[in-house]
Amino acid sequence: MKTLDYIKLNEAGSNKVIDSLQVLLADLQVYYTNLRNFHWNIKGRGFFQLHEAFEKMYDDVNEKVDEVAERILMLGGVPENKFSNYLKIARVKEEDVQSDGMKAIENILETIGHLIVEERKIIEIAGDNKDEATVSMMSDYLVEQEKSVWMLTSFMSK
């Protein structure tokens, strides 16, 4: 028996959700690596604040990676697991060493903006397929990310 038999979701519709979650998974994996870069290499004003904040961010993204991969499994898919493949499908790009806090935050804001757009697309696809669990998961991510955007833009304000 398949999980879908018990959770009563359509396989064709779930495959569309899986495809969109695979891209999100790749984006999150690259974003996680970028956040580690920022955490390790940050210098200058705000070092202590940003070093700690970037660690909290990558811990959060690491948890989301696991949640997205597990959701793919629940829907009958197999989450991608090779970084080389993530780089092929991710829309988030790897960053070079970045030690400037403001540039790192600008990159984070751009990435979060991208993730928000993609998660809203997933909400639409999942909603069309009556996959309320995926809709809820993405909605929860949006709440957190919109708060992060507000906090980061406030931090950057003069």
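Placed above this text is the structure.
As the structure is a prediction and not an experimental result, all values here were calculated from the model.

Chemist: Can you walk me through a negative patch on the surface in this structure?
Modeler: A cluster of acidic residues, E94, E95, D96, D100, E106 and E110, forms a negative patch at the surface. Inspection of the secondary structure assignment puts E106 in helix α5 (residues 101–128).

Chemist: Would you mind showing me how to read the packing of helix α3 (residues 47–74) against helix α6 (residues 132–156) here?
Modeler: Packed helices, taken two at a time, are described by their axes: the angle between them and the distance between them. Between α3 and α6, whose axes approach to 12 Å, the crossing angle comes to 165°. Regarding the angle of α3 to α6, the classification is roughly antiparallel. Judged by the sense of rotation from one axis to the other, the crossing of α3 with α6 is left-handed. Contacts between α3 and α6 pair Q49, L50, M57, D60, K64, E67, V68 and R71 from the former with A133, T134, M137, Y141, E144, L152 and F155 from the latter. Classifying every residue of the contact of α3 with α6 gives eight nonpolar, two polar and five charged.

Chemist: Looking at this structure, I do not really get α3. What am I missing?
Modeler: Residues that lie three or four places apart on an α-helix share one face, since the helix turns once every 3.6 residues. Taking 1.5 Å of rise per residue, the 28 residues of α3 would be expected to cover 40 Å, and the 40 Å separating its terminal C-alpha atoms lies within 8% of that figure. Among the residues making up α3, those that are buried are L50, F54, M57, Y58, V61, K64, V65, V68, A69, R71 and I72. Looking at the buried residues of α3, the elements they touch are α2 (11–41), α5 and α6. G76 sits one or two positions beyond α3 and adopts a positive phi of about 95°.

Chemist: Honestly, the nonpolar core in this entry has me stumped. Any pointers?
Modeler: Note on soluble globular proteins: their nonpolar side chains tend to be buried together. Judged by nonpolar contacts, the single largest core of 43 residues is most densely connected at L21, L24, Y31, L35, F54, V68 and I108. Among the elements of the structure, α2, α3, α5 and α6 are those that each provide at least two residues to this core. With near-sequence residues (within four places) excluded, L21 lies in contact with V68, R71, I72, L75, I122, T134 and M138.

Chemist: Would you take a moment to explain the packing of α2 against α5 for this structure?
Modeler: The geometry of α2 relative to α5 is characterised by a closest axis approach of 10 Å and an angle of 165° between their N-to-C directions. In terms of orientation, α2 lies roughly antiparallel with respect to α5. Regarding α2 and α5, the two cross each other, and that crossing is left-handed. For the pair formed by α2 and α5, the contact residues are K16, V17, S20, L21, L24, D27, L28, Y31, L35 and F38 on the first element and A104, N107, I108, T111, I112, H114, L115, E118, E119, I122, I125 and A126 on the second. For the contact of α2 with α5, a count of residues per class yields 14 nonpolar, four polar and four charged.

Chemist: Any chance you could explain the packing of aromatic side chains here in plain terms?
Modeler: One pair of aromatic rings is described through two measures. These are the centre distance and the angle between the planes. This model, assessed by the stated rule, comprises four aromatic pairs. Between the aromatic rings of F47 and F48, the centroid separation amounts to 5.2 Å while the plane-to-plane angle is 80°, which identifies the pairing as edge-to-face. Residue F48 is classed as exposed on the basis of its relative accessible area of 71%. Between F83 and Y86 the ring centres are 5.7 Å apart and the planes differ by 90°, which places this aromatic pair in the edge-to-face class. Of this pair, F83 and Y86 both sit in helix α4 (residues 83–89), three residues apart, which is roughly one turn of the helix. Geometry around Y58 places R36 over its ring, the cationic atom sitting 4.2 Å from the centre. Cation over ring: K64 sits above Y141, and NZ or CZ is 4.8 Å from the ring centre.

Chemist: What is the right way to look at the environment of D19 in this model?
Modeler: By the secondary structure assignment, D19 is in helix α2. Exposure remark for D19: the relative accessible area of 53% places this residue in the exposed category. For the pair D19 and P79, spaced 60 residues apart in the sequence, the C-alpha separation amounts to 9.7 Å.

Basis of the calculations
Residues numbered from 1 in each chain as written. Predicted model: local features only at pLDDT ≥ 70, side-chain atom pairs only at ≥ 80, totals over all residues. Heavy atoms only, no water. Patch = residues over 30% accessible without salt bridge, like charges linked within 9 Å, V, L, I, M, F, W, Y side chains within 5 Å. Areas by Shrake-Rupley, 256 points an atom, 1.4 Å probe, with all protein chains shown as cover. Salt bridge = Lys/Arg side-chain N within 4 Å of Asp/Glu carboxyl O. Lys, Arg positive; Asp, Glu negative; His and termini not counted. Charge placed at Lys NZ, Arg CZ, Asp CG, Glu CD. Helix = DSSP H or I, 4+ residues; strand = E, 2+ residues; numbered from the N terminus. Axes fitted to C-alpha atoms, helices over the stretch in contact; angles between N-to-C directions. Parallel < 35°, antiparallel > 145°, perpendicular 65-115°, else oblique. Left-handed = near helix turned anticlockwise from the far one by under 90°. Contact = heavy atoms within 4.5 Å. Nonpolar A, V, L, I, M, F, W, Y, C, P; charged D, E, K, R; others polar. Expected span 1.5 Å × (residues − 1). Buried < 20%, exposed > 50% of the residue type's maximum accessible area, 1.4 Å probe, protein only. Core = buried A, V, L, I, M, F, W, Y, C linked by side-chain atoms within 4.5 Å. Phe/Tyr/Trp six-rings, centres within 6.5 Å; stacked < 30°, edge-to-face > 60°. Lys NZ or Arg CZ within 6 Å of the ring centre and 35° of its normal.

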